[in-house]
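Below, each chain spelled out in residue letters.
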Amino acid sequence: MIYLNFLIALPIVAYLISYLYLAHYHGSLLLFNVVIHENGKYSLLQTIFYASHFLGHIPVHTVLAFIFMGYFLGLTGKSRNPYPPETSKKLAWVLMVFLVLSLILSLVLFGARETFNFIAGRTQGRGVVGDGGSWDLHLPSLALLIFFVPVYLYLVLKYFQVNLEPNARGLFYLLAGFLLLAGFNYLYNRNDIFILMRIWTDPRYLAHGIRELATFPVTYFPVPLYFILKREKSAFSSTGEKKHWVLKLFLLVFFVIFLAGLSYEVWAALSNGIGELAQKPAFAHGGRLGIPYLLASHYFEHFLDTVYFTLLCLIMYGLAAKSVP
């Protein structure tokens, strides 16, 4: 029996385990007003609603949503049960309201300077200044996700017995995603080769990339997939196994490239000491934060990002879906 609820349970369990770990670390079951962020300033509630941080990440998550949905549509056939146009419009309105509320929340809780510094790409976090902001900080993980996402989607779709029908339906979203990637990279870096080389050789950027790669598959990706696959119940009807040897070959190549890039990032981070690269708040045991803590707190930091990513993916799914005649 296929348990589609596993998809929505995955991020819930990830958050629950993270909360319990943080509760044990801080010696308190009630963490909402306890400072848990690695910058040593923000409580759990402030970390969950870290709106300025989210606003700075919108370019990254927009590119990723286009690439994610492009691959999804390219692996599946036409929608059997698409969203009606009214639903897509409602979701678009929800997204707009969400963005406005996030901006207001950021201005109220974190101030105008931090809000606009994040948006302009002048800061990567409180007290962490860096040209290119969140965009540059996420380039290593974003580059590897281009190769990992189709492999991830293939495995998930196969597990839930969704018939794979490779097609060009997602090509528009993929092209848009890559154009946006190039556009944002020019906006923040002017495609400066020296900046790009620094990003791919700086252990702090690479260590951050590993943390992102441990976040997206368990908190971001399962949520829109749950809502889409739950609606597409008819896609589960088996019409016979098809051999997609060319697709599998491409996915194998992509997975090898992803593993090579991930291995490089892990090597660079470990050889420079992840604990030394991270911030060192006053509450850190032994003066440094370990890998489990950096992962656990990081999930909460991206709560608003997950909402944005999910809404954008569902809107794109609704716009692209067409009923089968």
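Residues numbered from 1 in each chain as written. Predicted model: local features only at pLDDT ≥ 70, side-chain atom pairs only at ≥ 80, totals over all residues. Heavy atoms only, no water.

K.L.:
A description of the overall build of the protein should follow, citing residues and the corresponding values.
P.N.:
Secondary structure summary: the protein contains 14 helices and two strands in total. When burial is assessed residue by residue, the protein has 52% of its 325 residues classed as buried. Residue pairs in contact within the protein that sit at least 24 positions apart in sequence constitute 83% of those at least 6 positions apart. Looking at the protein as shown, the accessible area adds up to about 15,500 Å², and 71% of this sits on carbon and sulfur atoms. (Helix = DSSP H or I, 4+ residues; strand = E, 2+ residues; numbered from the N terminus. Buried < 20%, exposed > 50% of the residue type's maximum accessible area, 1.4 Å probe, protein only. Contact = heavy atoms within 4.5 Å. Areas by Shrake-Rupley, 256 points an atom, 1.4 Å probe, with all protein chains shown as cover.)

K.L.:
Just give me the short version of the pattern of salt bridges, but keep the residues and values in it.
P.N.:
Following the criterion strictly, the structure yields one salt bridge and no others. Glutamate 38 is the partner of arginine 211 in a salt bridge, and the nearest nitrogen-oxygen pair spans 2.7 Å. Taken together, the residues span a long stretch of sequence, with arginine 211 in helix 8 (residues 203-213) and glutamate 38 in the loop between helix 1 (5-26) and helix 2 (44-48) at a distance of 173 residues. There is no split in this pair, since arginine 211 and glutamate 38 are both buried. (Salt bridge = Lys/Arg side-chain N within 4 Å of Asp/Glu carboxyl O.)

K.L.:
Lay out the side chain of threonine 47 in plain terms, naming residues and giving numbers.
P.N.:
One can find threonine 47 in helix 2. Given a relative accessible area of 0%, threonine 47 falls into the buried group. Ignoring sequence-local partners within four residues, the contact set of threonine 47 consists of Ile36, His37, Tyr42, Ser297, Phe300 and Glu301.

K.L.:
Describe in detail the nonpolar core, supporting the description with residues and values.
P.N.:
Of all hydrophobic cores here, the largest spans 71 residues; its most connected members are Phe68, Met69, Phe72, Trp135 and Phe221. Considering each element in turn, this core owes the most residues, 16 residues, to helix 3 (residues 51-75). Excluding its chain neighbours within four sequence positions, the residues that come into contact with methionine 69 are Tyr173, Ile228, Cys313, Met316 and Tyr317. Counting residues in each nonpolar core, the second largest holds 17 residues, with Leu44, Phe283, Ala284 and Ala296 among its members. (Core = buried A, V, L, I, M, F, W, Y, C linked by side-chain atoms within 4.5 Å.)

K.L.:
Please provide a residue-by-residue account of helix 6 (residues 171-189), values included.
P.N.:
Three or four residues apart is the spacing at which side chains of an α-helix point the same way, because the helix has 3.6 residues per turn. With 19 residues, helix 6 ought to run about 27 Å at 1.5 Å a step, and its terminal C-alpha atoms sit 26 Å apart, in line with that. Along helix 6, the positions that sit buried rather than exposed are Tyr173, Leu174, Ala176, Gly177, Leu181, Phe184, Asn185, Tyr188 and Asn189. Across the axial projection of helix 6, the buried residues extend over an arc of 165°, all falling on one side. Opposite its buried face, helix 6 presents the exposed residues Phe172, Leu179 and Leu187, each directed more than 90 degrees away. On its buried face, helix 6 is in contact with helix 3, helix 4 (85-119), helix 5 (133-159), helix 7 (193-199) and helix 14 (303-320). Once helix 6 ends, the next one or two residues include arginine 190, with phi positive near 55°. (Expected span 1.5 Å × (residues − 1). Arc of directions from axis to C-beta.)

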